[in-house]
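# Examining the three-dimensional arrangement
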Amino acid sequence: MPSGELCGWVRMEDAVTVTGTSLSTILLAGAQAGAVTPGGWSLRTALGDHPLEMNPILDQAWEATPFVAPETATQP
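This section reports on the structure supplied with the text.

How each quantity is defined
Residues numbered from 1 in each chain as written. Predicted model: local features only at pLDDT ≥ 70, side-chain atom pairs only at ≥ 80, totals over all residues. Heavy atoms only, no water. Helix = DSSP H or I, 4+ residues; strand = E, 2+ residues; numbered from the N terminus. Buried < 20%, exposed > 50% of the residue type's maximum accessible area, 1.4 Å probe, protein only. Contact = heavy atoms within 4.5 Å.

For the rest of this paragraph, the subject is the overall build of the protein. Of regular secondary structure, the protein possesses 4 helices and 0 strands. Secondary structure elements of the protein occur, N-terminal to C-terminal, as α-α-α-α. Split into buried and exposed, the 76 residues of the protein put 16% on the buried side.

Before going further, it helps to examine the environment of V18. Looking at the secondary structure, you find V18 in the loop between α1 (9-17) and α2 (23-36). For V18, the residues in contact, after removing those within four places along its chain, are I26, L47, H50, P51 and L52.

This is the structure we're talking about:
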């Protein structure tokens, strides 16, 4: 991940599918932990074992992409 980014796209997808608590609670706890932890904190660590569920908006977006699934790709 390039320097200066908060997180990669996979972590962002995880962040918008977290359940059981609010994302703001997770981000606040991560920021507070990062304030006392040398090197800061990561969204991956902050998300921890929080449950994730499917997000219909992300599902529609992925279905709309022009990419071909590897199992359906044909060789030239």
